[in-house]
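# Coordinate analysis (summary)
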Amino acid sequence: MKRSAAEILREYGPFPGVEHVHGVTFDGQHVWFATGDKLNALDPASGKVLRSIDVAAHAGTAFDGQHLFQIAEDRIQKIDPKTGRVLATIPAPGGGGDSGLTWAEGTLWVGQYRGRKIHQIDPETGAILRTIESNRFVTGVTWVDGELWHATLEGGESELRRVDPRTGEVIESLEMPPGVAISGLESDGGDRFFCGGEKSGKVRTVRRPR
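Below is a summary of the structure that appears in this document.

### Some thoughts on the sheet that holds strand β15 (residues 138-144)
Strands sit in the order β1-β18-β17-β16-β15 across an open sheet of five strands; the sheet is mixed. Each end of this open sheet is capped by a strand with a single partner; those strands are β1 (2-5) and β15. Put simply, the sheet's adjacent strands are angled 20° from each other on average, direction ignored.

Next up, the structure:
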């Protein structure tokens, strides 16, 4: 396994009234981040929050190219980002112990925090299609260029891990500085990861190694 220090490129926040950042996702223009009772759209160029949607937002966030998906306790909500309406809900596989969320290959991928698992699920029904085991608590999850990455937070330490999607074996690890936690995780499709900063109330970008 290849180990290196994570390179933090930028920090956003803390933001007024935001005590905890949960899930993050990227719609190609805005970074959406979940803060308990809101989803917030951040302009990554200016660092400004442009709008918010009032919706339960307790854990991971994802974007499928058209809709937002947001974990709220033991369910996953499908949200129209234009109107903020919840269009559908499905059960979350961890039954409330869920963490990260991302969209890839036409399906949702869900981190199960203390269960140390990543589940691939059917976005229409919530049925579990396959499960990948981790040996660390799982927070954020993302796919980029066929690579599966997840964040960990355990014992006050966080890292980003690239894992084999078949076996769960860790291929590469980026270690965050002491005291810097990652909650949600999303790739911009290029050389940046957007990372939720948990209790710091911040969103950070970390360089994706090439």
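### Things to note about the sheet that holds strand β3 (residues 24-26)
The antiparallel open sheet is built from four strands, whose spatial order is β3-β4-β5-β6. Two strands bound the open sheet, and with one partner strand each, they are β3 and β6 (49-57). Shown here is a sheet whose adjacent strand axes are inclined to one another by a mean of 20°, direction ignored. Bridge count for strand β5 (residues 36-42) against β6 is six bridges, and the pairing is antiparallel. Bridge pairing in β6 places Gly36 opposite Ala57.

### A closer look at the side chain of Glu172
Relative to the helices and strands, Glu172 is located in strand β18 (residues 170-175). Take Glu172: its relative accessible area is 6%, and that puts it in the buried class.

### Some details on the side chain of Asp164
Here Asp164 is to be found in the loop between β17 (157-163) and β18. A polar contact of 2.7 Å, which involves the side chain of Asp164, links it to the backbone nitrogen of Arg166. Not counting residues up to four positions away in its chain, the partners in contact with Asp164 are Glu169 and Ile171.

### A word on the nonpolar core
Formed by 13 residues in total, the largest nonpolar core has its most connected members in Trp149, Leu160, Leu185, Phe193, Cys195 and Val206. Secondary-structure elements contributing two or more residues to this core are β16 (147-154) and β20 (192-196). Beyond its immediate chain neighbours, meaning those up to four positions away, Phe193 contacts Thr142, Val144, Trp149, Leu160, Leu185, Glu186, Ser187, Arg204, Thr205, Val206, Arg207 and Arg208.

### Looking at the pattern of salt bridges
Applying the stated criterion to the full structure yields 15 salt bridges. Note that Glu154 and Arg136 form a salt bridge whose closest N and O atoms lie 3.9 Å from each other. Here the residue Glu154 occupies a position in strand β16, and Arg136 occupies one in the loop between β14 (128-133) and β15, the gap between them amounting to 18 residues. By relative accessible area, Glu154 is classed as buried at 16%. Here Arg162 ties to Glu172 by a salt bridge, and the two come within 3.3 Å at their closest N and O atoms. Of the two residues, Arg162 sits in strand β17 while Glu172 sits in strand β18, which places them ten residues apart along the sequence. By sharing partners, the salt bridges in this structure join Asp145, Glu147, Arg208 and Arg210 into a single network.

Criteria and cut-off values
- Residues numbered from 1 in each chain as written.
- Predicted model: local features only at pLDDT ≥ 70, side-chain atom pairs only at ≥ 80, totals over all residues.
- Heavy atoms only, no water.
- Pairing = 2+ DSSP bridges.
- Helix = DSSP H or I, 4+ residues; strand = E, 2+ residues; numbered from the N terminus.
- Axes fitted to C-alpha atoms, helices over the stretch in contact; angles between N-to-C directions.
- Buried < 20%, exposed > 50% of the residue type's maximum accessible area, 1.4 Å probe, protein only.
- Polar contact = N/O pair within 3.5 Å; in protein donor to acceptor, adjacent residues only side chain to side chain.
- Contact = heavy atoms within 4.5 Å.
- Core = buried A, V, L, I, M, F, W, Y, C linked by side-chain atoms within 4.5 Å.
- Salt bridge = Lys/Arg side-chain N within 4 Å of Asp/Glu carboxyl O.

Just geometry here; none of it tells us what the structure is for.
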